[in-house]
Amino acid sequence: QNQALHTQHDKSSRDYKQELSQKDAAIRSLDVQLKTLQNEKLSLSKEASKFRQEVQTFSSVSTELQAVTRERDLLKSSLVESKTTVADLQRQLDEMQRFWEQKSAQQDFELNSLREENANYESE
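Residues numbered from 1 in each chain as written. Predicted model: local features only at pLDDT ≥ 70, side-chain atom pairs only at ≥ 80, totals over all residues. Heavy atoms only, no water.

Caption draft 1: Up close: the overall build of the protein chain. Check the secondary structure of the protein chain and you find one helix and zero strands. The globule rule puts the C-alpha radius of gyration for 124 residues at 14 Å, and the 52 Å found for the protein chain is more than 25% above it. Taken over the C-alpha atoms alone, the protein chain extends approximately 180 × 15 × 10 Å along its principal axes. Within the protein chain, buried positions represent 0% of all 124 residues. Counting every atom, the protein chain has about 11900 Å² of accessible surface; 55% of that belongs to carbon and sulfur. (Helix = DSSP H or I, 4+ residues; strand = E, 2+ residues; numbered from the N terminus. Rg over C-alpha atoms; globule rule 2.2 N^0.38 Å. Buried < 20%, exposed > 50% of the residue type's maximum accessible area, 1.4 Å probe, protein only. Areas by Shrake-Rupley, 256 points an atom, 1.4 Å probe, with all protein chains shown as cover.)

Here is the structure:
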């Protein structure tokens, strides 16, 4: 009976050691999985940080683009106004040129008339 208890004790001890070995293997496996997950978490955290930085960059670029677009629209408007002003000035210049051409033609006519009168007066 002592032998049977000793055999049962040895069997229980082997079973316990085998179960302990399986649990140690499971713990090591879980440790490896945990380290893998921690590395993935770190990698994902770095990637998320990179994406946040890109979003900030895109936001900044978007804001700058909006400012440039507004400035471009103002410049377009200013260009249209300037073209209108130049066209008005050109029209005024053309009118003044016609006026002075008419004035000059009239003065030339008057000068020629005076010369003719003077020539007629001297010939009398």
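Caption draft 2: Structural view of the environment of Ala119. As for its placement among the helices and strands, Ala119 is situated in helix α1 (residues 2-123). Taking the C-alpha atoms as reference points, Ala119 and Arg28, 91 residues apart in sequence, are found 131 Å from one another.

By themselves, these are just geometric observations and shouldn't be taken as functional.
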